[in-house]
Every structure is written in C-alpha cells, then in structure tokens.
Amino acid sequence: MSSPLAAVAQAMVAPGKGILAADESTGTANKRFAPLNIPQTEEMRGRYRELLFTAPRFGEFVSGVILYDETIRQTGPSGKSLEAVIAASGAFPGIKLDTGTHPLALGGPDEKITEGLDGLAKRVDEYVKLGAKFAKWRAVIAIDNGIPTQRAIVANAHALARYAAICQAGGLVPIVEPEVLIDGEHSKHSLERSFEVHERVLSTVFEELAEAGVKFEEMILKPSMVAPGQQSAKASVHEVAEATVTVLLRWVPAAVPGIAFLSGGQGDEEATEHLNEINLIGRKKHAPWALTFSYGRALQHGALTTWLGSEANVAAAQAILTHRLHMNSLASLGRYSSDSEKERELVGAPG
Ligand code: 13P
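Rules and cut-offs
Residues numbered from 1 in each chain as written. Predicted model: local features only at pLDDT ≥ 70, side-chain atom pairs only at ≥ 80, totals over all residues. Heavy atoms only, no water. Core = buried A, V, L, I, M, F, W, Y, C linked by side-chain atoms within 4.5 Å. Buried < 20%, exposed > 50% of the residue type's maximum accessible area, 1.4 Å probe, protein only. Helix = DSSP H or I, 4+ residues; strand = E, 2+ residues; numbered from the N terminus. Contact = heavy atoms within 4.5 Å. Near = heavy atom within 4 Å. Polar contact = N/O pair within 3.5 Å; in protein donor to acceptor, adjacent residues only side chain to side chain. Areas by Shrake-Rupley, 256 points an atom, 1.4 Å probe, with all protein chains shown as cover. 1 Å grid on protein atoms, 1.4 Å probe; cavity = no way out; pocket = protein on both sides within 12 Å on 5 of 7 lines; lining within 4 Å. Sits in = over half its atoms within 2 Å of the grid points. Nonpolar A, V, L, I, M, F, W, Y, C, P; charged D, E, K, R; others polar. Salt bridge = Lys/Arg side-chain N within 4 Å of Asp/Glu carboxyl O. Points joined across faces, edges and corners; volume = space filled by probe spheres on them. pLDDT = per-residue confidence, 0-100. Pairing = 2+ DSSP bridges. Axes fitted to C-alpha atoms, helices over the stretch in contact; angles between N-to-C directions.

Caption draft 1: Just the nonpolar core, in detail. Counting 91 residues, the largest nonpolar core has F53, L97, L209, L248 and W307 as its most contacted members. Among the elements that take part in this core, helix α8 (residues 150-170) stands out by supplying 9 residues, more than any other. Excluding its chain neighbours within four sequence positions, the residues that come into contact with L209 are L160, A161, A164, V176, V214, F216 and M219. Ranked by size, the runner-up nonpolar core spans 13 residues in total, among them M12, V13, I19 and V173.

Structure follows, in structure tokens:
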C-alpha cells in the first residue's frame with residue numbers, strides 16, 4: 001500500500017545508502033572556493049559538481065543529491081545537464097527549497113527564521129518538471145544564554161511543517177531539517193543542554209507536522225546529532241550516539257522511514273564514527289527507522305581541497321569522495337571501524 005512518495009522516501013534510505021548535500025548557495029560555494037584560490041564562477045561550480053556526481057561507485061552509496069537552484073538548471077563540462085548526470089548514476093536529484101535564514105522578529109538575540117514559503121507551491125511544480133524527486137528545508141536553532149526561545153522553536157517548526165505539506169501536495173518528498181548548531185559563535189553548550197534543546201525542537205516539529213497533515217511515511221528527518229558545542233569540552237563517540245538515539249526514540253514516530261543526519265561542522269572521520277555508533281546503539285534499542293548520512297562538509301571537504309580547481313586533480317578528488325562515501329555507507333550499516341579507513345587504496349586513491 002506504499003504511495004509513490006513513500007517509495008521514494010524508502011529508496012532514499014535503502015540499506016548502505018545516504019544522501020549527498022551539495023546544495024550550497026552560490027554565496028556559500030564561493031566562500032568555500034575563495035580560500036583555495038578556485039575561481040568563483042558558475043563554470044567552476046559546474047565543473048566541481050560534475051566531478052562529485054561522476055565519482056566512481058557514486059550510485060552504489062548515494063541515493064539522492066540535494067542541489068541548489070543554479071545546479072539543477074546547469075550543464076556540466078561533459079555537456080549533459082547535472083540533473084541528468086545524477087539520474088544516470090541511479091540517485092535522485094533533490095532541491096533546496098528554503099531561501100535562507102533571517103533575523104526572527106521579536107526573537108531572542110541572533111535567533112533566525114527560515115524563509116521561502118511565499119509562492120512555494122509554484123516553485124515545487126517547476127522543480128518537479130526539472131526532475132526533482134525530493135526537497136530540503138533547513139531551520140537553524142542556536143543555543144546560548146536565554147536562547148532558543150520557545151517562540152523561535154515554534155516559528156521554525158511551523159515553517160518546516162508548511163513546507164513539508166506543500167512538498168507532499170506537489171509531489172516531492174520533504175527532508176525536514178531542524179539543525180541545532182554546534183559550530184559558530186553560539187557553541188559553548190554542554191551535551192546535556194543540547195539534549196534538552198533537541199527534545200524541545202523535535203517534539204515541537206512533530207506536533208506541527210501532524211497538525212499540518214504531513215504524512216510521516218513520505219518524509220525524511222534530517223537532524224543534528226546531540227553533541228556539545230565546539231567551544232565546550234568534547235563528549236565521547238558513545239555519549240553522543242547514546243544521547244542522539246535516546247532523543248530520537250522519544251520523539252520521532254516509527255512511521256518515518258529514515259533519519260539522515262547533517263554533519264554540522266564535525267570532522268570527516270568524526271562524523272563517520274558517530275554514525276556507526278548511532279547504528280550500533282540503534283540496533284540494540286530496536287530503532288524503527290534507517291539511520292544514515294546526509295552530509296555536506298564531512299563528505300566534500302577532502303574532495304574540494306584535493307581538486308583545487310585543477311583538471312589534473314579530478315581523479316584524485318573523486319577517489320577521496322568515493323572513499324568517504326564508502327566509509328559512511330559502512331557506518332550506516334554499523335560496519336565501520338578505523339581499520340576501514342585503510343581501504344582507500346581499493347578505490348584507487350593516490351598516497
Ligand atoms: P553539513 O553536513 O555540512 O552540515 O551540511 C548538511 C546540510 O545540508 C546543511 O543544510
């Protein structure tokens with residue numbers, strides 16, 4: 001009795017597969033290119049994205065790729081549309097639908113609301129015609145003295161729910177992404193404080209989703225992991241995984257097919273270790289959903305800093321991406337260990 005959207009959502013979290021977040025806005029992509037002296041042009045962004053999507057074994061590990069508006073309309077250096085390149089790998093093209101964050105009126109200091117609801121149904125129609133099968137909307141919640149306010153949590157949860165309902169009505173699987181930040185200015189909080197905020201955020205998000213009539217079978221949750229802020233003392237991999245699984249079991253309905261985490265500024269291997277431990281604990285506690293990755297930085301970092309904008313580095317950069325995808329695929333099955341990192345030679349990476 002699976003609906004077409006539920007079937008897409010299931011396929012997005014099929015065993016051993018995860019999502020590549022490559023939906024950096026033009027401004028963010030340029031910010032990543034600039035310190036590496038990569039020219040900040042549409043052409044170079046297209047070259048970089050095609051490099052990623054044509055990496056060896058890409059479709060074996062990636063079920064979906066989140067794109068920005070420029071990329072879903074773009075033609076890569078091979079002359080094919082990037083959307084078609086992704087579809088040819090077997091992965092679904094997806095689209096970032098929010099239009100970014102802005103100060104929340106009457107919110108706490110530095111609190112943000114995500115915008116993009118105006119005219120959204122029409123934009124969904126257009127992206128469906130461009131080949132998108134799913135979408136993403138990111139809400140950000142910062143932790144500090146006096147924040148988050150309940151007002152910021154409710155406003156962001158409401159926008160996520162409105163977005164998700166519009167997606168499902170228009171034929172896209174919504175990725176619902178409430179991110180509790182661990183990096184940046186507001187990152188001095190403890191793991192316990194992160195746990196408490198995740199409880200408030202996830203309980204409110206699912207209340208709003210239910211109120212909006214969103215079908216849980218036809219969505220993917222993209223949460224942050226429960227971790228201390230980066231300016232606070234580190235927690236162990238086990239502590240992060242245990243807290244993350246505990247809060248998800250409390251607040252995420254079993255009907256949701258999968259949970260695909262963001263990396264949020266974690267190190268590449270750190271994000272993989274956390275995902276692996278989350279799967280081991282999830283299995284022990286009979287977690288009902290698939291637990292996988294939807295990383296941006298923790299998947300792309302090595303590839304981008306190896307490519308550096310040079311044609312001569314394309315194969316090496318691709319090998320690094322394939323390796324990271326492979327490691328996270330193993331972690332999504334609870335089969336990763338630090339020894340797995342040595343398997344890099346198997347995918348032909350130099351050095
Ligand atoms: P990071 O994994 O770099 O946090 O990015 C994931 C994402 O899609 C943020 O919206």
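Caption draft 2: Region of interest: the site of the ligand. For the ligand, the set of nearby residues contains 13 residues, the closest of which are K136, K222, S263, G264 and R297. Between the ligand and G264 there is a distance of 2.7 Å, counted from an oxygen atom to a backbone nitrogen or oxygen. Contact with the protein chains covers 92% of the free accessible surface of the ligand, which is 300 Å². Given that more than half its atoms are within 2 Å of the pocket grid, the ligand belongs to the largest pocket. For the shell around the ligand, the secondary-structure elements that each account for two or more residues are β6 (134-141) and β10 (290-295). Its residues placed into classes, the shell around the ligand shows 3 nonpolar, 4 polar and 6 charged.

Caption draft 3: Representation of the pattern of salt bridges within the structure. One pass over the structure, following the stated rule, counts 20 salt bridges. Residue R45 pairs with E70 through a salt bridge whose shortest N-O separation is 2.7 Å. Remark: E70 occurs in helix α5 (residues 69-72) and R45 occurs in helix α3 (residues 42-53); sequence separation between them is 25 residues. In this pair, the class of R45 matches that of E70, namely buried. As a salt-bridge pair, R250 and E199 come within 3.1 Å of each other at their nearest N and O atoms. On the criterion of sequence distance, the pair formed by R250 in helix α10 (residues 237-251) and E199 in helix α9 (residues 191-211) is long-range, its members being 51 residues apart. Within this structure, D23, K136 and E177 form a network of salt bridges that share partners.

Caption draft 4: Expanded view of empty space enclosed by the protein. Evaluation of the coordinates by the stated rule reveals 2 cavities of 30 Å³ or more. Reported here for the largest cavity is a volume of approximately 50 Å³. Partitioning the lining of the largest cavity into residue classes produces 6 nonpolar, 4 polar and 1 charged. A139, I141, I153, N156, A157, L160, P178, V201 and V205 together form the lining of the second largest cavity. Ranked by residue count, the leading element in the lining of the second largest cavity is α8, at 4 residues. Split into classes, the residues belonging to the lining of the second largest cavity amount to 8 nonpolar, 1 polar and no charged.

Caption draft 5: View of the confidence of the model for the protein. Looking at the protein, the pLDDT average stands at 96 and 97% of residues meet or exceed 70. With pLDDT under 50 throughout, residues 346-351 is counted as low confidence; its partners more than four residues away or in other chains account for 10 contacts.

Caption draft 6: Molecular detail of the sheet that holds strand β9 (residues 258-261). Read around the barrel, 8 strands follow the order β1-β2-β3-β6-β7-β8-β9-β10 and close on themselves; strand pairing throughout is parallel. Examined bridge by bridge, strand β2 (residues 62-67) and strand β3 (residues 92-96) share 4 bridges and lie parallel to one another. Residue pairing for β3: V65 is matched across the bridge by P93. Contacting β1 (18-22), β2, β3, β6, β7 (173-180) and β8 (220-221), helix α1 (residues 4-12) crosses the sheet at an angle of about 50° to β7. Set on the sheet, helix α11 (residues 268-284) makes contact with β9 and β10; between it and β10 the angle comes to about 165°.

Caption draft 7: Inspection of the pairing of β6 at higher detail. The element β6 is extensively covered by neighbouring structure, given that 7 of its 8 residues are classed as buried. Two strands pair when backbone bridges link them, and β3 and β6 are joined in this way by 3 bridges, in the parallel orientation. Within β6, the position partnered with I95 by the bridge is A135. As paired strands, β6 and β7 are joined by 8 bridges and run parallel to one another. Among the inter-strand pairings, F134 is bridged to a residue of β7, identified as V173.

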